[in-house]
Amino acid sequence: MTVVAEILKSKPDTTVHTVRPEDSVLDALRLMAEKGIGALLVTQEADRIVGIFTERDYARKIALLGRTSAATQVRDVMTPDVLYVRLHQTSEQCMQLMSTNRLRHLPVVENDKLVGMISIGDLVKDIISEQKFIIEQLEHYITGGSR
């Protein structure tokens, strides 16, 4: 079973992109578009996590409420209660947490320090890879190693 530390190592880019609470939503959206990501952690001094801003936050708290991205600060629309995982947790535990709470992104924190971010896509990729490996091993076992 894969743990979060292994998933992070397999990612080509482990940079966690962040914004500050006082940044405009428009600036946050620009960063998300530039990086091709769906969420930004909202941090304050010493990278302390104070929230998360996602595409879902934008859709529900800006567009539907008639706010403008340029005039709204991230603090006004971010999700303040951020669930996170640790490096030793398994992909299955992460999937359970994401499914139960309807999340697409989980920050990874170790020793009170932000060390990464995993997405539902990262987990699906890992689970598919794991299943493919198991299938190959079973096929090898069944055929006795000859193909």
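Up top is the structure these notes are about.
Residues numbered from 1 in each chain as written. Predicted model: local features only at pLDDT ≥ 70, side-chain atom pairs only at ≥ 80, totals over all residues. Heavy atoms only, no water.

1. Topic: the overall build of the protein chain
Then comes step 1: Assigned secondary structure in the protein chain consists of five helices and five strands.
Then comes step 2: When the helices and strands of the protein chain are placed in sequence order, the string is α-β-α-β-β-α-α-β-β-α.
Then comes step 3: Reported as C-alpha extents along the three principal axes, the dimensions of the protein chain are approximately 65 × 35 × 30 Å.
Then comes step 4: Relative to its 147 residues, the protein chain shows a buried fraction of 34%.
Then comes step 5: Put simply, of all contacts in the protein chain between residues at least 6 apart along the chain, 52% involve residues at least 24 apart.
Then comes step 6: Only carbon and sulfur atoms are counted for the fraction: they give 52% of the accessible area of the protein chain, which is about 9200 Å². (Helix = DSSP H or I, 4+ residues; strand = E, 2+ residues; numbered from the N terminus. Buried < 20%, exposed > 50% of the residue type's maximum accessible area, 1.4 Å probe, protein only. Contact = heavy atoms within 4.5 Å. Areas by Shrake-Rupley, 256 points an atom, 1.4 Å probe, with all protein chains shown as cover.)

2. Things to note about helix α4 (residues 91-101)
Then comes step 1: Considered for burial, the residues of α4 that qualify are S91, C94 and M98. The buried residues of α4 occupy an angular sector of 60° when projected down its axis, which confines them to one face. Seen from the open side of α4, the exposed residues pointing more than 90 degrees away from its buried face are Q96, S99 and T100.
Then comes step 2: Residues of α4 that are buried in the fold lie against α1 (4-10), β4 (105-110), β5 (113-119) and α5 (120-143).
Then comes step 3: Directly after α4, the chain includes R102, whose backbone phi takes a positive value near 55°. (Arc of directions from axis to C-beta.)

3. Quick notes on the pattern of salt bridges
Then comes step 1: Scanning the model with the defined rule gives six salt bridges in all.
Then comes step 2: Note that D122 and K11 form a salt bridge whose closest N and O atoms lie 2.9 Å from each other. Residue D122 is located in helix α5, and its partner K11 is located in the loop between α1 and β1 (18-19); the two are separated by 111 residues in the primary sequence.
Then comes step 3: By relative accessible area, D122 is classed as buried at 17%.
Then comes step 4: The salt bridge involving E22 is made with R75; its shortest N-O contact spans 4.0 Å. Here the residue E22 occupies a position in the loop between β1 and α2 (25-35), and R75 occupies one in the loop between α3 (55-63) and α4, the gap between them amounting to 53 residues.
Then comes step 5: Classification of E22 by relative accessible area gives partly exposed; the value is 43%. (Salt bridge = Lys/Arg side-chain N within 4 Å of Asp/Glu carboxyl O.)

4. Section: unusual backbone geometry
Then comes step 1: Phi at R102 takes a positive value of approximately 55°, unusual for a residue other than glycine.
Then comes step 2: With respect to the helices, strands and loops of the structure, R102 is situated in the loop between α4 and β4.
Then comes step 3: By relative accessible area, which is 60% here, R102 ends up exposed.
Then comes step 4: Unusually for a residue other than glycine, D112 sits at a positive phi of about 60°.

5. A few points about the nonpolar core
Then comes step 1: With 13 residues, the main nonpolar core has V19, A28, L40, V42, F53 and V74 as its most contacted residues.
Then comes step 2: Elements with a contribution of two residues or more to this core: α2, β2 (39-44) and β3 (48-54).
Then comes step 3: Counting residues per element, this core draws most heavily on α2, at four residues.
Then comes step 4: Judged by nonpolar contacts, the second largest core, of 10 residues, contains L8, C94, M98 and L106. (Core = buried A, V, L, I, M, F, W, Y, C linked by side-chain atoms within 4.5 Å.)

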